Amino acid sequence: MNGRPIVAVIGAGAWGTALACALAAVADVKLWSHTPLPAGTRHTPRLPDITLPPNVELVGDLPAVADCVLMVVPTQALREVSAKLARVLAPAVPVVSCCKGLEHGTSLMPLEVLTRTMPGHPLAVLGGPNFAIEVARGLPAAATLAAGQRIFAQELAENLSTPAFRLYASTDPLGVQLAGAAKNVYAIGAGVCIGAGMGENARAALLTRALAELGRLVEALGGQSKTVYGMAGMGDLVLTCTGIGSRNYSLGMALGSGESLDSILAARTTVAEGVLTAPTLAELGPRYDVETPIIDAIARLLRGQVTAQDVRKELFGRPQRLE
């Protein structure tokens, strides 16, 4: 990208708005909103206290021209929106998935979906430990940008980095995507620990074993185990499983305190990706002959098949083994 590039951010939710604000430091940004917003507005509903920078343009039509596109829609909407974008976007424009989760019904990761809907576009994935509101406010943050080709990942990470938002290049898009999906599920479990009164020790144990479980799964699927201990793995897991601003963590806290999942979801307007991701992720363990007891337990808890105390007894009753 030469000069001041044009970056299209597809999705004006909290994370899309935050990325648009951050990237305005190095690019002119087109921020696409699925829901039409009032003419002249400089705010989005998910981050109403944030005023968009002057060089962020809110648009209602999917952009045909851009130097780079960031897909920041819910994973379950990615197929539909990306297929529509592919019909208007200029060819060979790089597309970065900022979605976290697996597609329900197919178990496909976001880049696998984009490979089908946007053939011919270079693809990358963004992952890491970030709360949208802090990025939107310009507080220092870092993330991982992964692509199959090292040079492409490095160049894109350099072009999209800003003075406050540092991107680290990776050649493990599979590991970054899997970590981004799993951390939402683990965050529900971490919230359950606190909501059910199990304490900080229980949450720390869950996070530590979750890293080991995730590492086994990433390696079995062909990813790099070191990714699990980087920004997209441990970094994102720690933030999502300890910060009250995490939607999945707060959902787990409510679930652990005795609220029903239906009532929790009915009271929310935001998406907790872990609820849909858990059963889909649980299918991967048997498929790749990997034990994923924490993911499996959280999936059954969300289905109402077990209680939080049942899960505690089950996980602590597993056979002893070397760490």
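You'll find the structure just up there.
Keep in mind the model is a prediction, meaning the values are calculated, not measured.

Draft legend 1. Local environment of the pairing of strand S2 (residues 28-32). Direction of pairing for strand S1 (residues 6-10) relative to S2: parallel, over a ladder of five bridges. In the strand pairing of S2, Ile6 is matched with Asp28. With respect to chirality, the unit in which S1 leads through helix H1 (residues 14-23) into the neighbouring parallel S2 is right-handed. Bridge count for S2 against strand S3 (residues 56-59) is four bridges, and the pairing is parallel. Counterpart to Leu31 in the pairing with S3 is Leu58.

Draft legend 2. Quick look at the pattern of salt bridges. Scanning the model with the defined rule gives 10 salt bridges in all. When the shortest N-O distance is used, the salt bridge between Glu80 and Lys84 registers 3.3 Å. Here Lys84 and Glu80 lie together in helix H2 (residues 78-86), a separation of four residues that amounts to about one turn. Overall, Glu80 belongs to the exposed group, its relative accessible area being 51%. One salt bridge in this structure joins Asp236 and Lys183, with 3.7 Å as the shortest N-O distance. Remark: Lys183 occurs in helix H6 (residues 173-195) and Asp236 occurs in helix H8 (residues 231-242); sequence separation between them is 53 residues. The two residues Asp236 and Lys183 agree in class, both being buried.

Draft legend 3. Broad picture of the environment of Ile10. With respect to the helices and strands, Ile10 occurs in strand S1. Residue Ile10 is classed as buried on the basis of its relative accessible area, which comes to 0%. Here the alpha-carbon distance between Ile10 and His34, two residues 24 residues apart in the chain, equals 8.5 Å. What Ile10 contacts, discounting residues up to four positions off in sequence, is Trp32, Leu62, Pro63, Val69, Leu70, Met71, Val72, Val73, Val81 and Leu85.

Draft legend 4. Structural detail: the sheet that holds S1. As summarised here, the arrangement of the eight strands in space is S3-S2-S1-S4-S5-S6-S7-S8, forming an open sheet in which the pairing is mixed. Each edge of the open sheet carries a strand with a single partner, namely S3 and strand S8 (165-170). Strand-to-strand twist across the sheet, computed as the mean angle between neighbouring axes with direction ignored, equals 25 degrees. Strands in contact with H1 are S1, S2, S3, strand S4 (68-71), strand S6 (123-127) and S8; relative to S2, the strand with the most contacts, it is inclined by about 170 degrees. Here H6 sits on the sheet and contacts S6, strand S7 (141-146) and S8; the angle it forms with S6, its principal contact strand, is near 40 degrees.

Draft legend 5. Structural context of the side chain of Glu213. Within the secondary structure, Glu213 sits in helix H7 (residues 200-221). As a buried residue without a salt bridge, Glu213 has its nearest oppositely charged side chain in Arg216, at a separation of 4.3 Å. Residues in contact with Glu213, not counting those within four places in the same chain, are Tyr186, Glu291, Thr292, Pro293, Ile294 and Ile295.

Draft legend 6. Spotlight on the nonpolar core. Among the nonpolar cores identified, the biggest contains 48 residues, and Leu178, Tyr186, Leu214, Leu217, Leu251, Leu281 and Leu302 are the most heavily contacted of them. Among the elements of the structure, H6, H7, H8, helix H9 (247-256), helix H10 (261-266), helix H11 (273-282), helix H13 (293-302) and helix H14 (308-316) are those that each provide at least two residues to this core. With 11 residues, the single largest contributor to this core is H6. Sequence-distant contacts of Leu281, defined by excluding residues within four places in its chain, comprise Leu102, Leu178, Ala181, Ala182, Val185, Leu217 and Ile295. Counting residues in hydrophobic clusters, the runner-up holds 39 residues, among them Leu47, Cys98, Ala132 and Leu156.

Draft legend 7. Just the environment of Leu255, in detail. Looking at the element boundaries, Leu255 is found in helix H9. The contacts of Leu255, once residues within four sequence positions are left out, are Val192, Ser260, Leu261, Ile264, Leu301 and Leu302.

Draft legend 8. The arrangement of the packing of H11 against H13 in detail. It is the contact of H11 with H13, at a shortest axis distance of 9 Å, that shows an interaxial angle of 125 degrees. Relative to H13, H11 is oriented oblique. For the crossing formed where H11 meets H13, the hand is left-handed. When H11 is examined against H13, the residues Gly274, Val275, Ala278, Pro279, Leu281 and Ala282 are found in contact with a partner set consisting of Ile295, Asp296, Ala299 and Leu302. In terms of residue class, the contact of H11 with H13 is built from eight nonpolar, one polar and one charged.

About the thresholds
Residues numbered from 1 in each chain as written. Predicted model: local features only at pLDDT ≥ 70, side-chain atom pairs only at ≥ 80, totals over all residues. Heavy atoms only, no water. Pairing = 2+ DSSP bridges. Helix = DSSP H or I, 4+ residues; strand = E, 2+ residues; numbered from the N terminus. Right-handed = clockwise from strand over helix to strand, strands pointing away. Salt bridge = Lys/Arg side-chain N within 4 Å of Asp/Glu carboxyl O. Buried < 20%, exposed > 50% of the residue type's maximum accessible area, 1.4 Å probe, protein only. Contact = heavy atoms within 4.5 Å. Axes fitted to C-alpha atoms, helices over the stretch in contact; angles between N-to-C directions. Lys, Arg positive; Asp, Glu negative; His and termini not counted. Core = buried A, V, L, I, M, F, W, Y, C linked by side-chain atoms within 4.5 Å. Parallel < 35°, antiparallel > 145°, perpendicular 65-115°, else oblique. Left-handed = near helix turned anticlockwise from the far one by under 90°. Nonpolar A, V, L, I, M, F, W, Y, C, P; charged D, E, K, R; others polar.

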